[in-house]
Amino acid sequence: MEKINWPEIIEEESDNIIDALAAVYNEACCLNANSEICQVLKIDRDGTVIHHTISANTISSAVWAGNAIELARIAWFNPLDGADEAKVISEYLTKEELQAFTQFLAGEDLTLAKLRQWNIYIADRLEKKCTEKYAADNAPAWAAKAMDKIQKQAEEYGRAETQKVELADLGKS
């Protein structure tokens, strides 16, 4: 089997990888949170960066065959899970919408479920804007952190390969 210099390929494609990592995060940030579905980023031996959706417990055939390596994997997640719904609603509705919604509630708490009951279109818009903003605010930092991890793993792999070659050379003398 041919040796592939993954650290070199990763270094050459680092800018593309960082951009693709941000895209992976943006795709994973959705309202359909499902830990069984992941966004995956891999790179093949030619340096082609590939982003796709895959089941959490599977691996692509290219990775399995050694023709590509997986760089990152992130499960789908909903940024609204655990969020302060009243705060989100207050932040994303216009003043007029918020007034009309609070009148509809007649003193009840602001919740996304009640917003959806009141006006499905406004609820959809709020969820879309909130998700997009969350992804835009957090994707660059996540991508940078993931890239640091990828580069460290590539360096460790490179050192391990060098040690194998040095040990093999020692055995020849």
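Rules used throughout
For every chain, the first residue of its written sequence is number 1, and the numbers climb from 1 along that sequence. Residue-level local features of this predicted model are given only where pLDDT is at least 70; pairs of side-chain atoms are given and counted only at 80 or more, and the full residue set underlies all totals for whole chains, interfaces and linings. Neither water nor hydrogens contribute to the side-chain values; these are computed over all heavy atoms in the structure. Working definition: helices are DSSP H or I runs of at least four residues, strands are E runs of at least two. Numbering for both runs from the N terminus. Note on classification: 1.4 Å probe, protein chains only; a residue is buried when its accessible area is under 20% of the maximum for its type, exposed when over 50%, partly exposed between these limits. Here a polar contact is recorded for every N or O atom pair within 3.5 Å, except that within protein the pair must consist of a potential hydrogen donor and a potential acceptor, and residues adjacent in sequence are included only if both atoms are side-chain atoms. When checking whether two residues touch, look at their non-hydrogen atoms; a contact exists if any pair is within 4.5 Å. Put simply, a nonpolar core is a bunch of buried Ala, Val, Leu, Ile, Met, Phe, Trp, Tyr and Cys residues held in one set by side-chain atoms that sit within 4.5 Å of each other.

> Pulling in residues and values, what's your account of unusual backbone geometry?
Unusually for a residue other than glycine, Ala106 sits at a positive phi of about 50°. Structurally, Ala106 is set in the loop between helix H5 (95-105) and helix H6 (112-118). Under the relative-accessibility criterion, Ala106 is labelled exposed at 67%.

> An account of the side chain of Gln39 is needed here, citing residue identities and associated values.
Along the polypeptide, Gln39 turns up in strand E1 (residues 34-44). With relative accessibility at 2%, the residue Gln39 sits in the buried group. Polar side-chain contacts of Gln39 include one of 2.8 Å to the side chain of Trp76. Beyond its immediate chain neighbours, meaning those up to four positions away, Gln39 contacts Val24, Glu27, Ala28, His51, His52, Thr53, Ala72, Arg73, Ile74 and Trp76.

> How would you sum up the nonpolar core? Please name residues and give values.
Ranked by internal contacts, the top residues of the largest apolar core, which has 22 residues, are Ile10, Ile17, Leu21, Leu41, Ile43, Leu71 and Ile150. Sorting the residues of this core by element identifies helix H1 (6-12), helix H2 (14-28), E1, strand E3 (68-76) and helix H7 (120-172) as the ones contributing at least two each. At seven residues, H2 tops the list of elements feeding residues into this core. Look past the residues within four positions of Ile17 in its chain and what remains in contact with it is Ile10, Leu41, Ile43, Val49, Leu71, Met147 and Ile150. In this structure, Val88, Ile89, Tyr92 and Cys130 belong to the second largest nonpolar core, which totals 14 residues.

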